[in-house]
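Below are the chains, spelled out letter by letter.
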Amino acid sequence: MNLREEAAADVNVVRQLLLASFPGTGEADLVEKLRAAGDAVISLVAIDGGVLTGHVMFSRMAAPFPALGLAPVAVLSDWRRRGIAAALIQEGIKRAKNEGYAGIFVLGDPGYYQRFGFSIHHADGFDSPYAGPHFMALPLQGNQLPSQSGRVDYAPAFSALE
Ligand SMILES: CC(C)(COP(=O)(O)OP(=O)(O)OC[C@H]1O[C@@H](n2cnc3c(N)ncnc32)[C@H](O)[C@@H]1OP(=O)(O)O)[C@@H](O)C(=O)NCCC(=O)NCCS
C-alpha cells in the first residue's frame, strides 16, 4: 500500500469512492466544498496495485488553537478490514503533528478511533454542535490540548451535511 497526497487527477476517483461508500452525495459534495474553500488541509489517498482504495481528509476548524477535523474517511468495500483506513488516519495524524497543529477532532465510533489516541475525555469541555458521546479529540503536541474549553466548529462546508 502506498499513501500519498491527493493529486488533481485523483479528484474524480475520490468522488466515486465517496459516492460508493456513503448513502447520498453528502460526503462527496463536502470534500469538494472543503477543497474549493481552501479548508482541505490534508487529503491523502491509498494506492494498492494502481487502484485508489482509500481516502481521508483533515480540514481546518475554528478552535481556540490550531485544529483539524478528521472527516470523511472511506475505503473501497472490497479492500476493507486490512488496515487501509488506519494507515491513512495514522499518516494524517503524523502530518498534522509535523505541521504544528495542536489537536484533531473527530465525530465517530470511539471503539474505532480510540486506537489512534482519540478520546471523548479530551473533547468533553468544548462547546460544539457535535458535542456528545461520539465527539473525540486527539492532542498532538504533548498529552493535553492547549486549552480544554471554548468553541470548536468544523469548516463552513460541514453545515450543509445532515
Ligand atoms: C470505516 C472504513 C473507512 C474503515 O476502513 P478499513 O480500511 O476497513 O478500516 P481498518 O482496516 O483500519 O479497520 C476496520 C476494522 O477492520 C479491523 N481490521 C483491520 N485490519 C484487519 C485485518 N487484517 N484482519 C481483520 N480485521 C482487520 C479493524 O480492527 C477494524 O475493526 P473493529 O473496528 O471492529 O475493531 C470503511 O469501512 C468505510 O469506508 N466505510 C464506509 C464509510 C464510512 O462509514 N466512513 C466512516 C465515517 S467518516
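Residues numbered from 1 in each chain as written. Predicted model: local features only at pLDDT ≥ 70, side-chain atom pairs only at ≥ 80, totals over all residues. Heavy atoms only, no water.

## As for the nonpolar core
Then step 1. Ranked by size, the top nonpolar core spans 28 residues in total, and within it Leu-34, Phe-65, Phe-105 and Phe-158 carry the most contacts.
Then step 2. Of all elements in the fold, only α1 (11-21), α2 (26-36), β2 (40-48), β3 (51-60), β4 (67-75) and β7 (135-139) reach the threshold of two or more residues within this core.
Then step 3. With sequence-adjacent residues up to four places away left out, Leu-34 is seen in contact with Asp-39, Ala-40, Met-57, Ser-59, Ala-155, Ala-157 and Phe-158.
Then step 4. Among the nonpolar cores identified, the runner-up in size contains 24 residues, and Leu-44, Ala-85, Ala-96 and Leu-140 belong to it. (Core = buried A, V, L, I, M, F, W, Y, C linked by side-chain atoms within 4.5 Å. Buried < 20%, exposed > 50% of the residue type's maximum accessible area, 1.4 Å probe, protein only. Helix = DSSP H or I, 4+ residues; strand = E, 2+ residues; numbered from the N terminus. Contact = heavy atoms within 4.5 Å.)

## Thoughts on the site of the ligand
Then step 1. As a matter of local geometry, the ligand sits amid 15 residues, with Val-73, Val-75, Arg-81, Gly-83 and Tyr-112 nearest to it.
Then step 2. Side-chain polar atom of Arg-115 to an oxygen atom of the ligand: 3.0 Å apart, as the coordinates give it.
Then step 3. Notes on the ligand: free accessible area 940 Å², of which the protein chains cover 59%.
Then step 4. Among the elements that line the shell around the ligand, the one with the most residues is β4, at 4 residues. (Near = heavy atom within 4 Å. Polar contact = N/O pair within 3.5 Å; in protein donor to acceptor, adjacent residues only side chain to side chain. Areas by Shrake-Rupley, 256 points an atom, 1.4 Å probe, with all protein chains shown as cover.)

## Things to note about the sheet that holds β4
Then step 1. Strand order in the open sheet formed by 6 strands is β1-β2-β3-β4-β5-β7, with mixed pairing between adjacent strands. What marks the edges here is a single partner per strand, and that holds for β1 (2-5) and β7. Here the strands of the sheet are splayed against their neighbours by 25° on average, with no regard to which way each runs.
Then step 2. Pairing of β4 with strand β5 (residues 103-107) involves 3 bridges; the strand directions are parallel. Residue pairing in the sheet places Ala-67 in a bridge with Gly-103 of β5.
Then step 3. The strands that α1 touches are β2, β3 and β4; relative to β3, the one it contacts most, it runs at about 90°.
Then step 4. Against the sheet, helix α3 (residues 84-98) touches β1, β2, β3, β4, β5 and β7, its axis set at about 145° to β2. (Pairing = 2+ DSSP bridges. Axes fitted to C-alpha atoms, helices over the stretch in contact; angles between N-to-C directions.)

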